[in-house]
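Breakdown of the fold
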Amino acid sequence: MGRSLFLITVTGLLSTSLLGCGGASPPPIEQPEPARPEEPSPTAEPTNDAAQGAAAREADAPPDAPAPPRRDDSVPDDYALMHGDCVELGKRLTVLTRSDQVAALSAKLTAEQRGETEKKIDAVAATLGEQYARSCEQNVGKSVDPRSLKCAFDARTVRAFEACLNASPPAQ
């Protein structure tokens, strides 16, 4: 009963505050329909290969025209560790610790034992993640290899997480 009353009250407050903001909502902004990739645009060159089209456009450009900017997919060498990285690494370690430990639980545990054990695992995993994030803070601003961070975020186990972060040279 109390939860229902709370939801009704919150819902009433939200609708009252929304209605008091000027009445009618503004008309929707018309968005142009995105071009479909299957249909060639009327100005597109009729080529089968995108690279051939790009090469033809470059050949048609006057010799003194600046080259079009190229996309740089390289990984920067000067990435500095940020506070948000440490927070996210701590969260990732928490998730991995929990999943590793739950996977190692015996199948012989009763549902009650399993539930209690999972609660303890959650507490320990959260503590480890918080400790890791705090210790990581000492390296904020130092140069790190962004590939090792990506590797750690993509890791499926604690062992893989640690291998990603310990494989790179120490932060400078």
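Below: a short report on this structure.

Thresholds applied
- Residues numbered from 1 in each chain as written.
- Predicted model: local features only at pLDDT ≥ 70, side-chain atom pairs only at ≥ 80, totals over all residues.
- Heavy atoms only, no water.
- Helix = DSSP H or I, 4+ residues; strand = E, 2+ residues; numbered from the N terminus.
- Buried < 20%, exposed > 50% of the residue type's maximum accessible area, 1.4 Å probe, protein only.
- Areas by Shrake-Rupley, 256 points an atom, 1.4 Å probe, with all protein chains shown as cover.
- Core = buried A, V, L, I, M, F, W, Y, C linked by side-chain atoms within 4.5 Å.
- Contact = heavy atoms within 4.5 Å.
- Disulfide = S-S within 2.5 Å.
- Arc of directions from axis to C-beta.
- Polar contact = N/O pair within 3.5 Å; in protein donor to acceptor, adjacent residues only side chain to side chain.
- Salt bridge = Lys/Arg side-chain N within 4 Å of Asp/Glu carboxyl O.

**What to know about the overall build of the chain**
Counting secondary structure elements, the chain contains 6 helices and 0 strands. In sequence order, the secondary structure elements of the chain are arranged as α-α-α-α-α-α. Relative to its full complement of 172 residues, the chain shows a buried share of 17%. Surface summary for the chain: the accessible area is close to 13900 Å², and the carbon and sulfur share equals 59%.

**A word on the nonpolar core**
If you look at the biggest cluster of nonpolar residues, it comprises 14 residues, and the most contacted ones within it are Leu-81, Leu-89, Leu-149, Ala-152, Phe-161 and Leu-165. Secondary structure elements with two or more residues in this core: α3 (83-103), α5 (146-154) and α6 (158-167). Excluding residues that lie within four positions of it along the chain, Leu-81 makes contacts with Cys-86, Cys-136, Asn-139, Val-140, Gly-141, Lys-142, Val-144 and Leu-149.

**Some thoughts on the state of the cysteines**
Think of a disulfide as a covalent bridge from one cysteine sulfur atom to another cysteine sulfur atom. Tallied over the full model, the rule gives 2 disulfides. Across the disulfide, Cys-86 is cross-linked to Cys-136 (sulfur-sulfur distance 2.0 Å). Between Cys-86 and Cys-136, the disulfide has an S-S torsion of -70° and is therefore left-handed. Taken together, the residues Cys-86 in helix α3 and Cys-136 in helix α4 (residues 111-136) connect sequence positions 50 residues apart. With its sulfur 1.8 Å from that of its partner, Cys-151 forms a disulfide with Cys-164. Every disulfide takes its handedness from the sign of the S-S torsion; for Cys-151 and Cys-164 that torsion is -50°, giving left-handed. Residue Cys-151 is found in helix α5, and its partner Cys-164 is found in helix α6; the two are separated by 13 residues along the sequence. When its relative accessible area of 34% is taken as the criterion, Cys-151 is described as partly exposed. Here the bonded cysteines of the chain are numbered in sequence order, and their pairing is 1-2, 3-4.

**Quick look at α5**
Along α5, the residues that are buried comprise Pro-146, Ser-148, Leu-149 and Ala-152. Buried residues of α5 fall within an arc of 155° about the axis and therefore sit on the same side. Every exposed residue of α5 that faces more than 90 degrees away from the buried side is listed here: Arg-147 and Lys-150. Of the surrounding secondary structure, the elements contacted by the buried residues of α5 are α3 and α6. In this structure Asp-145 caps α5, since a side-chain oxygen of it lies 3.1 Å from the backbone nitrogen of Arg-147.

**Some words on the pattern of salt bridges**
Considering all chains together, one arrives at 7 salt bridges under this definition. Notably, a salt bridge pairs Glu-118 with Arg-98, separated by 3.5 Å at the nearest N-O pair. Here Arg-98 lies in helix α3 and Glu-118 lies in helix α4, a separation of 20 residues in the sequence. Residue classification places Arg-98 among the partly exposed residues on the basis of a relative accessible area of 30%. Between Glu-116 and Lys-119 there is a salt bridge whose closest N-O contact spans 3.8 Å. Of the two residues, Glu-116 and Lys-119 both sit in helix α4, 3 residues apart, roughly one turn of that helix. Overall, the relative accessible area of 41% leaves Glu-116 in the partly exposed class. If you follow the salt bridges from partner to partner, you end up with Arg-98, Arg-114, Glu-118 and Asp-122 in one network.

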